[in-house]
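Given next are the chains, with one letter for each unit.
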Amino acid sequence: MPLARLSIREIRSRPARSLLTLLSIVIGVSAMVATYLASDSAQLAQIAMVRAVTGNASLEIEAVGGASFDGKPLEPVARLKGVKIASPILRRYSNMTVKKPLGNALPDAVDSREPTSKRYRVQLLGVVPELDRQVRNYTLVAGKDLESDSTDSASILMDAHFAESAKVSVGSSVDFLTKNSKSWIQSAEIVGLVKPNDASSGIQSGLIVAQLRTVQRWTESAGKLDAVQIVLDKDVKIEQIAEAVGAILPTGLRVRQPTMRSQVADESTVAMQQGLRLATAFALIISTFIIYNTFQMNVGERRRQLGILRSLGATRRQLLWMIVREGLWLGLIGTLLGCFVGNFGAAILRSSTSKLLQIEIPPSPWSVWPYAIAILCGLTVALLGAFFPAMRASRLSPSEAMKVVAQGEFSTSRAAWLWLGGSLMIIGLAIQALAVLRVINLSHVVFGTMVMKIGIVFLLPALIGDLTAWVTWTLSLFLKTEGMLARRQILRHRGRSSLTIGIVFIAMGTGLGMASTILDNIGNVEAWYSRSIVGDFFLRAAMPDMNSGQSADMPYGLTEKVQAMPGVALVDTLRFVRARSNESSVVVVVRKFNSQTQDYFDLTEGTEAEVMKGVRSGKVVLGSVLSQRLNLHIGNTIPLETNEGSTTLEIAGVTNEYIAGGLTLYLESEYAKKLLSVDGTDVIVVKANPNDAKQVEAQLRALCDESGMMFQSYVDLVKVIHDTLNGVVGGLWAVLALGSVIAAFGLINTLAMNILEQTREIGMLRVVAMTRWQIRRMILAQALIMGIIGIVPGVLTGIWIHYVINLTTMPVTGHAVLFKIYPWLLLGAPMIELLVVVFASMVPAERAARLNVSSALQYE
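Residues numbered from 1 in each chain as written. Predicted model: local features only at pLDDT ≥ 70, side-chain atom pairs only at ≥ 80, totals over all residues. Heavy atoms only, no water.

What follows covers the overall build of the protein. A tally of regular secondary structure across the protein gives 25 helices and 22 strands. Within the protein, the fraction of its 860 residues that count as buried is 55%. Across the protein, contacts joining residues at least 24 apart in sequence account for 82% of those joining residues at least 6 apart. When the accessible surface of the protein is split by element, carbon and sulfur atoms take 61% of a total near 36,800 Å². (Helix = DSSP H or I, 4+ residues; strand = E, 2+ residues; numbered from the N terminus. Buried < 20%, exposed > 50% of the residue type's maximum accessible area, 1.4 Å probe, protein only. Contact = heavy atoms within 4.5 Å. Areas by Shrake-Rupley, 256 points an atom, 1.4 Å probe, with all protein chains shown as cover.)

Ring pairs (aromatic) are described by centroid distance and by the angle formed between their planes. This model, assessed by the stated rule, comprises 7 aromatic pairs. Here the aromatic rings of Phe593 and Phe601 are separated by 5.8 Å at their centres, their planes lie at 45°, and the arrangement is tilted. Ring centres 6.4 Å apart and planes at 70° place the aromatic pair Tyr822 and Trp824 in the edge-to-face group. The structure contains a cluster of three or more aromatic residues connected by ring pairs, namely Phe593, Phe601 and Tyr666. If you follow Lys453 out to its NZ or CZ, it ends over the ring of Phe505, 5.1 Å from the centre. One Lys or Arg, Lys674, reaches over the ring of Tyr671 and ends 5.4 Å from the middle of that ring. (Phe/Tyr/Trp six-rings, centres within 6.5 Å; stacked < 30°, edge-to-face > 60°. Lys NZ or Arg CZ within 6 Å of the ring centre and 35° of its normal.)

Once that is clear, we can look at helix α13 (residues 444–475). In a regular helix each residue adds 1.5 Å, so 32 residues correspond to 46 Å; α13 covers only 40 Å between its end C-alpha atoms and thus falls short of that length. Of all the bends in α13, the greatest, near 70°, is centred on Leu463. (Expected span 1.5 Å × (residues − 1). Bend = angle between axes of the 7 residues up to and from the residue.)

Moving on, we come to the nonpolar core. Counting residues in each nonpolar core, the largest one holds 41 residues, and the members touching the most others are Ile61, Met96, Ile156, Met158, Phe176 and Ile208. The element that contributes the greatest number of residues to this core is strand β3 (residues 83–99), accounting for 5 residues. Core analysis: the second largest hydrophobic core is formed by 29 residues, Leu22, Val299, Leu306 and Val324 among them. (Core = buried A, V, L, I, M, F, W, Y, C linked by side-chain atoms within 4.5 Å.)

Looking at the secondary structure, you find Gln211 in strand β9 (residues 207–211). Reaching out from Gln211, the side chain makes a polar contact with the side chain of Arg213 at a distance of 2.7 Å. (Polar contact = N/O pair within 3.5 Å; in protein donor to acceptor, adjacent residues only side chain to side chain.)

A word on the packing of α13 against helix α14 (residues 480–492). Axis separation between α13 and α14 bottoms out at 9 Å; the angle between their running directions is 165°. Taken together, the axes of α13 and α14 are roughly antiparallel relative to one another. Here the hand of the crossing between α13 and α14 comes out right-handed. Between α13 and α14, the contacting residues are Ile464, Gly465, Thr468, Ala469, Thr472 and Leu475 on the first element and Lys480, Gly483, Met484, Arg487, Ile490 and Leu491 on the second. A class-by-class count of the residues in the contact of α13 with α14 yields 6 nonpolar, 4 polar and 2 charged. (Axes fitted to C-alpha atoms, helices over the stretch in contact; angles between N-to-C directions. Parallel < 35°, antiparallel > 145°, perpendicular 65-115°, else oblique. Left-handed = near helix turned anticlockwise from the far one by under 90°. Nonpolar A, V, L, I, M, F, W, Y, C, P; charged D, E, K, R; others polar.)

Each packed pair of helices is defined by two parameters, the angle between the axes and the distance between the axes. Contact pair helix α12 (residues 414–436) / α13: the axes reach a minimum separation of 7 Å and the direction vectors enclose 155°. Taken together, the axes of α12 and α13 lie roughly antiparallel to each other. Crossing of α12 over α13 shows left-handed handedness. Broken down by class, the residue content of the contact of α12 with α13 amounts to 20 nonpolar, 8 polar and 2 charged.

Let us now look at a nonpolar patch on the surface. Taken together, the side chains of Leu429, Trp800, Tyr803, Leu807, Phe819 and Ile821 present a nonpolar region at the surface, about 470 Å² in accessible area. Top contributing element to the nonpolar patch by residue count: helix α23 (residues 772–813), with 3 residues. Along the polypeptide, Leu807 turns up in helix α23. Leu807 gets classed as partly exposed once you look at its relative accessible area, which sits at 36%. (Patch = residues over 30% accessible without salt bridge, like charges linked within 9 Å, V, L, I, M, F, W, Y side chains within 5 Å. Salt bridge = Lys/Arg side-chain N within 4 Å of Asp/Glu carboxyl O.)

Tracing the backbone through its elements, the reader meets Ala242 in helix α6 (residues 238–248). Counting along the chain gives 12 residues from Ala242 to Arg254, while the straight-line C-alpha distance between them is 9.3 Å. Beyond its immediate stretch of four places on either side in the chain, Ala242 contacts Leu59 and Val255.

Looking now at the pattern of salt bridges. Across all of its chains, the model carries 15 salt bridges by this definition. Here Arg776 and Glu846 are joined by a salt bridge, their closest N and O atoms 2.9 Å apart. Note that Arg776 is positioned in helix α23 and Glu846 in helix α24 (residues 823–849), a separation of 70 residues in sequence. We classify Arg776 as partly exposed; its relative accessible area is 22%. Exposure remark for Glu846: the relative accessible area of 28% places this residue in the partly exposed category. Connected through shared salt-bridge partners, Glu60, Glu62, Arg91, Arg254 and Arg256 make up one network.

Before going further, it helps to examine the confidence of the model for the protein. Averaged over the protein, the pLDDT score is 77; the fraction of residues at 70 or greater is 75%. Considering only residues more than four positions removed or in separate chains, one finds that residues 404–410, a stretch of pLDDT under 50, has 16 contacts. (pLDDT = per-residue confidence, 0-100.)

Okay, helix α20 (residues 693–707) next. The end-to-end C-alpha separation of α20 is 21 Å, in line with the 21 Å expected for 15 residues at 1.5 Å each. Turning to α20, its buried residues number three or more, namely Val696, Leu700, Leu703, Cys704 and Ser707. Projected down its long axis, α20 carries its buried residues within an arc of 95°, all on one side. Opposite the packed face of α20, turned more than 90 degrees from it, sit the exposed residues Lys694, Asp705 and Glu706. (Arc of directions from axis to C-beta.)

Tracing the sequence through the fold places Gly798 in helix α23. Residue classification places Gly798 among the buried residues on the basis of a relative accessible area of 1%. For the pair Gly798 and Ala515, spaced 283 residues apart in the sequence, the C-alpha separation amounts to 9.1 Å. For Gly798, the residues in contact, after removing those within four places along its chain, are Gly509, Leu512 and Gly513.

We now examine the pairing of strand β12 (residues 253–256). Burial of the side chains of β12 extends over both faces: Leu253 and Val255 are buried on one face and Arg254 and Arg256 on the other. Bridge count between strand β1 (residues 59–63) and β12: 4 bridges; the pairing is antiparallel. Of the residues in β12, the one forming a bridge with Glu60 is Arg256. (Pairing = 2+ DSSP bridges.)

See the structure below:
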């Protein structure tokens, strides 16, 4: 217990150093928690949006090509032995408008700047109520349920969480934009609010449930279904029932188990997750080095104290446990704070992912696992950082510990450090090479990069003598005498100095490599949309759903109405359709390709002329991710499941693609109608005559205000893309910036310790007429020498990390990102880091310059 109180006193006596240790752990742990929670939330949101529709269904019948089908031939399915329920549904996406009540205010008194309505993208589900209740497990929390025999066909049920967000309740009236040619706007009354009873209850899905015939009428889909959901009796084998159902299905239909995960959404987030994992890994490495360095300093400062404790009878085990316990206490506090901060980081990442997937992503249900893993990693980092200094301290004899300055602080030979560091560096490079060559999993690139950087840090103790000599010679023009004194102090404690340089090196290399990669990817996206998204104005009912590629229905006749507007030069249309190829989910982008001069694709394979000729003759263009996943390229054929069975289509080209995660297949609209029975439009692309752009914009805005559709100019759309990009990379920039701050604190820590050990020497230098300004220059020289040694190899390693990440981008994300050197970044980043080093030296330098000479001479 006395030793425990002594540990608490030591932690309190060095608040700045303890805070640095805590901060380093907080950053690593919070990055881990934020990444895990944000990823988990996105996955649960994807699952919940599917589960909200599929419910308890064990099997689902749907058209092979994803189109609607006639439900009459499927009536025998419900009579099969083992089938408990066969519930027909019609799924459609729509744009729902909620009008704000004016209350007692007069219309003229309402602020014209305030929107009088709000729009939401929703999923309309047409069901037979008595069957649907047995498929989807939900509780009615307000109002009443739908009634099958009711004559009120404009009644709907709404998800309670979504209703709360939209600020509507039972009795509220809402409007839906539909394809109905007689009336684009359909009004409905909310008669009940429901809440799912499964794990998806906390996920807002924007689900609207109505009677099947109501949705069929709204969408002019009389007699049509999108799926039949099958609930089985207990103790029956799904495979046997699936075989029996498949035997009676007409051509073009299939039976399968509902998919709980979206491959499209997974592909959309893979690059972000890869970057976050890399940043988190390096944050944990920096934490370990800082803790190790901090405890090396603490042990050095407490040598005499430890010697006295040994003389008084404290055992080596007691001293070891005392120091390790201090590390674990700091690790536990830092880990708990990191878990708390990680929740805020997760909120930021959820917001970014929400923009990327175009779905609402509330926090995931509470789980102990992300916090348990984070606590384990945080404590492990703290234990590793504190154990080795504690082990060295516990092995000191009382007489050796009583010495003011440690002798042989770095006992390992130069050859041993060269062998250890070189071996780790070669192993890390080998792992990266094997991963890039696909001999091992690509995810091991992160591990290989970590091992390589640790190896370089372990090379520093062997090379620090030569490196400091070269840097001191370089600085001799400005800091000759001060530089020589600074070098001597750095070499006096090679281990501490090497780790400090290592922290600067890791921060510089990781920051530069990740920053360059982020710039490459942003440039790639900009090149893509400048080529692929060509148009002056865009009309849509709602943003497309990333889980299925589907969007809200647009009214029939709208395209023709837009085309007839004065000043419109060209109208193009887009439709996103779910399909499958070799059991892989794909999104077929159906396009008219009306322009003969427009450059539609950011091609990675094929020429524009040949590709457009092929597309207009029925060939397809693959998205880059789909091409990579299926290993299909120009000239190959791709199988596609259609309503008439499987067919093969020739590939005319491959395009860089970000829509639907790159799992796309472009098909000309006339051929899509034949193969997939494609009907309707998701996006109308309008090009105006140059002199009539303002007139066309005014007409389109008026049309959208009237019908409740979304209007976007090209500038608006580009802003949405940039906002999404900024959100996705924001978390990465934050982690990298914090790494630089931590490196600066580590440098301050080392300089402060050096000054403490130089106290008597500084006093002697002041006696022989060394000025305070020269003392400041000496401390600055220490910072510059260590900073330059860390920054220069950090820049080279950053270029290497940038290159390796680019090599893995195509296999991981399917996007071929061009490796590009950014001279302004290669010059600017080291200069900024050097400024950080200079500023970090100011406080220790001022402290050294203001030492009292008489007190310094008496210091031991």
